[in-house]
Structures are given as C-alpha cells and as structure tokens.
Amino acid sequence: MLQVLFDGLGTGAAFSLVAIALVVVWRGSGMLNFAQAEQGLFGAFVVWELIANAGVNYYAALLIGIVVVVAMAIAIQFLVVRPLGNQAHLALLIVAIGLYEGINGLTARIWGENPQSVAVPYPGTVHIAGVSVSVSAIIALAVAILVTIGLNVFFRSRPGIQLRAVADDRYTAQLLGVRSGRIVLVGWAIAAVISLFAMVLFAQQRVLQATNGVALIIEATVAATVGGFSSVSGAFYAGLGLGVAEGFYARYVSGSTSIVVAFLVVVVVLMIRREGLFAGTSLREA
C-alpha cells in the first residue's frame, strides 16, 4: 500500500505541475490553455534529443529546453493570443484546442510516436518505511513543492499582483500604469517552464512519447478545476490527490481505466462545490 502511495505522489506531482501552469495562464490571461502540456512535451523531446543524440549534458540540455519553451510561449502570445484581444472564453478555448492539435502534430511528425527513455541524473531508489521509492519520484515531488511555494510568493509580489490585476481588468490595470503585454508574457513564460519540468519529470518515471501531452492535460485540467482554477496551492493538492487515487484504482481495480477516477472526482467535487475546493482561498493565497 505504501508503494502505491509513493508512486502515486510521484505521478501526481507531474499532474500538479501542469495544473499549476494552467492556473498561472488562467490568472494572467483568462484562458484555459489546452496546449500547455504539449508545449512542455515539445521541450521535453528537445531535451531528450540533445542528451540522446547530441551528447549534451543533462543540465545544459534542460537549459536549452527552457529557452525553447519560453520562445514558443512568447511566439504563441504575440502571434496567436494577443491579436484576439478580449475575445470570449469560447473563442480562446477553440484557439487553445487548435494550438494543442498543431503542437501535438508537430511533435509526432518530428519524433514519431515510439516511446523514449529520458536520462535520469540521479538514478536508483531510496528506502522509506521499508518501501523502495525512485529518486525521480522524490525529485518530482520536491520540484512541485518548491514551485508551489515560489508561486505563492510570486503572486504576493508586485509583478504577481500586476498579473492578477491584468486578468481581472486589463484596461484599468493599464490606466494604473501596468504594462499588461509584458506582464502577461512573464506569466506565459513561467507556465511554459513549469510544463517543461512536468513533462521531463513524468517521462523519467514512465516514458517519453507523443501521447503524454493529452494524458497530462486531462489530469491537469481536472486537478485545476477541483482546486478552483484560482489557487496554485489548490492545483498542487488536487494533482497529488488525483495521482494517489488513480494509483490505488490502477492497483486494485483496473490499470487500463484509471482515467475514470479523474472524471468521477471532478463530477463529485463540482456537484458539492461548483467553484472548486480551494476557490475561496484565492484572495489570501495564490
């Protein structure tokens, strides 16, 4: 049982990171970016390519991957999202789905659909309470915790408050001197880097393949919805809980239908609390 718990926390950490990235973009742009995981997946494949075929050091490859996903986020903002202006959420959602399809197709076209193994800088396992836990899972959980803490601090800082102000009322924020275009780009860049970390850490625990994006964006959207879509901490807790719940379902019920847990959770939570479990804390925390 402890083995399932620790494995679920490692997987849930990846869910949490993508969910947090969704929350960051939502709070800055009011857009549900369905292409968020695909952006991170593209960067993860760049990292894999550099390590496996170019012989680049892991950390150097990760740094290059960060540059790639940030450049992609900036390009999407300038060329796709910004020209839309204050369109309705439905229009932005359709654009996000189109971005998802485009990036997913590009990734599959370049790297194919065969699973790949991503190098792990610290391989092996450690023993906790008599259970073997992979170092990759521990690192994923640690990264998710650090990102959650860091973003809670960020959203209380001047740039973070400005990002939230732009999402609430862009024109009023501009009248108050906020450079909305620049601050939104910061939010998109942060979300892109978080997504990259999520996809690399997920691949290190499983495999890297073109279908990872759709799997994680479903889980992350559920986690962000359950968390309230306004709370970074809510997305973190919901992602971990979802990973653990699916782990136990896969272990004791059926591994091939574990995605059912995500849909059951979101339906039950929305029936009980339509705005999500942590929505009420959004004014006090990120």
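Residues numbered from 1 in each chain as written. Predicted model: local features only at pLDDT ≥ 70, side-chain atom pairs only at ≥ 80, totals over all residues. Heavy atoms only, no water.

(A) Region of the structure containing the overall build of the chain. From N to C terminus, the chain includes 11 helices and 2 strands. Beginning at the N terminus, the succession of helices and strands in the chain can be written as α-α-α-α-β-β-α-α-α-α-α-α-α. Relative to the globule expectation of 19 Å for 286 residues, the C-alpha radius of gyration of the chain, 18 Å, shows essentially globular dimensions. Projected onto its principal axes, the C-alpha coordinates of the chain cover approximately 60 × 50 × 30 Å. Going through the 286 residues of the chain one by one, you find that 50% of them count as buried. Expressed as a percentage of contacts within the chain between residues at least 6 apart in sequence, the contacts between residues at least 24 apart total 77%. Each charge class in the chain can be summarised by its mean position, and for the 14 positive and 11 negative side chains these summaries are 12 Å apart. (Helix = DSSP H or I, 4+ residues; strand = E, 2+ residues; numbered from the N terminus. Rg over C-alpha atoms; globule rule 2.2 N^0.38 Å. Buried < 20%, exposed > 50% of the residue type's maximum accessible area, 1.4 Å probe, protein only. Contact = heavy atoms within 4.5 Å. Lys, Arg positive; Asp, Glu negative; His and termini not counted. Charge placed at Lys NZ, Arg CZ, Asp CG, Glu CD.)

(B) Spatial organisation of the packing of aromatic side chains. Throughout the structure, instances matching the rule amount to 9 aromatic pairs. On the numbers, 5.5 Å between centres and 55° between planes, the contact of Trp26 with Phe229 is tilted. Linking Trp26 in helix α1 (residues 2–29) with Phe229 in the loop between α9 (212–227) and α10 (232–252), this pair joins segments that are 203 residues apart in sequence. On the basis of an interplanar angle of 70° and a centroid distance of 5.3 Å, the ring pair of Phe154 and Phe155 is categorised as edge-to-face. Accessibility expressed as a relative area gives 16% for Phe154, which makes it buried. Phe155 sits in the buried class, given a relative accessible area of 1%. Just above the ring of Phe155 sits the side chain of Arg27; from NZ or CZ to the centre is 4.5 Å. Above the plane of the ring of Tyr252 lies Arg251, whose end atom (NZ or CZ) is 5.1 Å from the centre. (Phe/Tyr/Trp six-rings, centres within 6.5 Å; stacked < 30°, edge-to-face > 60°. Lys NZ or Arg CZ within 6 Å of the ring centre and 35° of its normal.)

(C) Quick look at the side chain of Arg27. With respect to the element layout, Arg27 can be found in helix α1. At 2.8 Å, the side chain of Arg27 forms a polar contact with the backbone oxygen of Ser230. (Polar contact = N/O pair within 3.5 Å; in protein donor to acceptor, adjacent residues only side chain to side chain.)

(D) Just the packing of helix α2 (residues 36–52) against helix α4 (residues 89–111), in detail. Relative to each other, α2 and α4 sit at 20°, their axes nearing to 9 Å. Overall, the two elements α2 and α4 adopt an arrangement that is roughly parallel. Every pair of crossing elements has a handedness; the one defined by α2 and α4 is left-handed. Seen from α2, the contacting residues are Glu38, Gln39, Leu41, Phe42, Phe45, Val46, Trp48 and Glu49; seen from α4, they are Tyr100, Ile103, Asn104, Leu106, Thr107, Ile110 and Trp111. Taken together, the residues that form the contact of α2 with α4 break down as 10 nonpolar, 3 polar and 2 charged. (Axes fitted to C-alpha atoms, helices over the stretch in contact; angles between N-to-C directions. Parallel < 35°, antiparallel > 145°, perpendicular 65-115°, else oblique. Left-handed = near helix turned anticlockwise from the far one by under 90°. Nonpolar A, V, L, I, M, F, W, Y, C, P; charged D, E, K, R; others polar.)

(E) Seen up close, the environment of Leu216. Position of Leu216 among the secondary structure elements: in helix α9. Residue Leu216 is classed as buried on the basis of its relative accessible area of 0%. Sequence separation of Leu216 and Ala37 is 179 residues, and the distance between their C-alpha atoms is 6.6 Å. Not counting residues within four places of it along the chain, the set of residues in contact with Leu216 comprises Ala14, Phe15, Val18, Ala37, Met199 and Phe202.

(F) Seen up close, helix α3 (residues 58–81). The end-to-end C-alpha distance of α3, which contains 24 residues, comes to 32 Å, matching closely the 34 Å that a straight helix rising 1.5 Å per residue would cover. Turning to α3, its buried residues are Tyr58, Ala61, Leu62, Gly65, Val69, Met72, Ala73, Ile76, Gln77 and Val81. Its side-chain oxygen at 2.9 Å from the backbone nitrogen of Tyr59, Asn57 defines the N-terminal cap of α3. (Expected span 1.5 Å × (residues − 1).)

(G) Just the pairing of strand β2 (residues 131–134), in detail. Side chains Val131 and Val133 of β2 all project onto a buried face; the interleaved residues Ser132 and Ser134 project onto a face where none is buried. In this structure, strand β1 (residues 125–128) lies alongside β2, joined through 4 bridges in antiparallel fashion. Bridging across to β2, Thr125 finds its partner in Ser134. Between β1 and β2, which pair antiparallel one after the other, the connecting turn spans 2 residues, and Ala129 there sits at a positive phi close to 55°. (Pairing = 2+ DSSP bridges.)

(H) Highlighting the environment of Ser256. Here Ser256 is to be found in the loop between α10 and α11 (259–272). Ser256 gets classed as exposed once you look at its relative accessible area, which sits at 69%. The sequence separation of Ser256 and Ala35 amounts to 221 residues, and the corresponding C-alpha distance is 24 Å.

(I) How the structure looks around a nonpolar patch on the surface. Judged by side-chain polarity, Val267, Val268, Met271 and Ile272 come together as a nonpolar surface patch covering roughly 440 Å² of accessible area. With relative accessibility at 45%, the residue Val268 sits in the partly exposed group. (Patch = residues over 30% accessible without salt bridge, like charges linked within 9 Å, V, L, I, M, F, W, Y side chains within 5 Å. Areas by Shrake-Rupley, 256 points an atom, 1.4 Å probe, with all protein chains shown as cover. Salt bridge = Lys/Arg side-chain N within 4 Å of Asp/Glu carboxyl O.)

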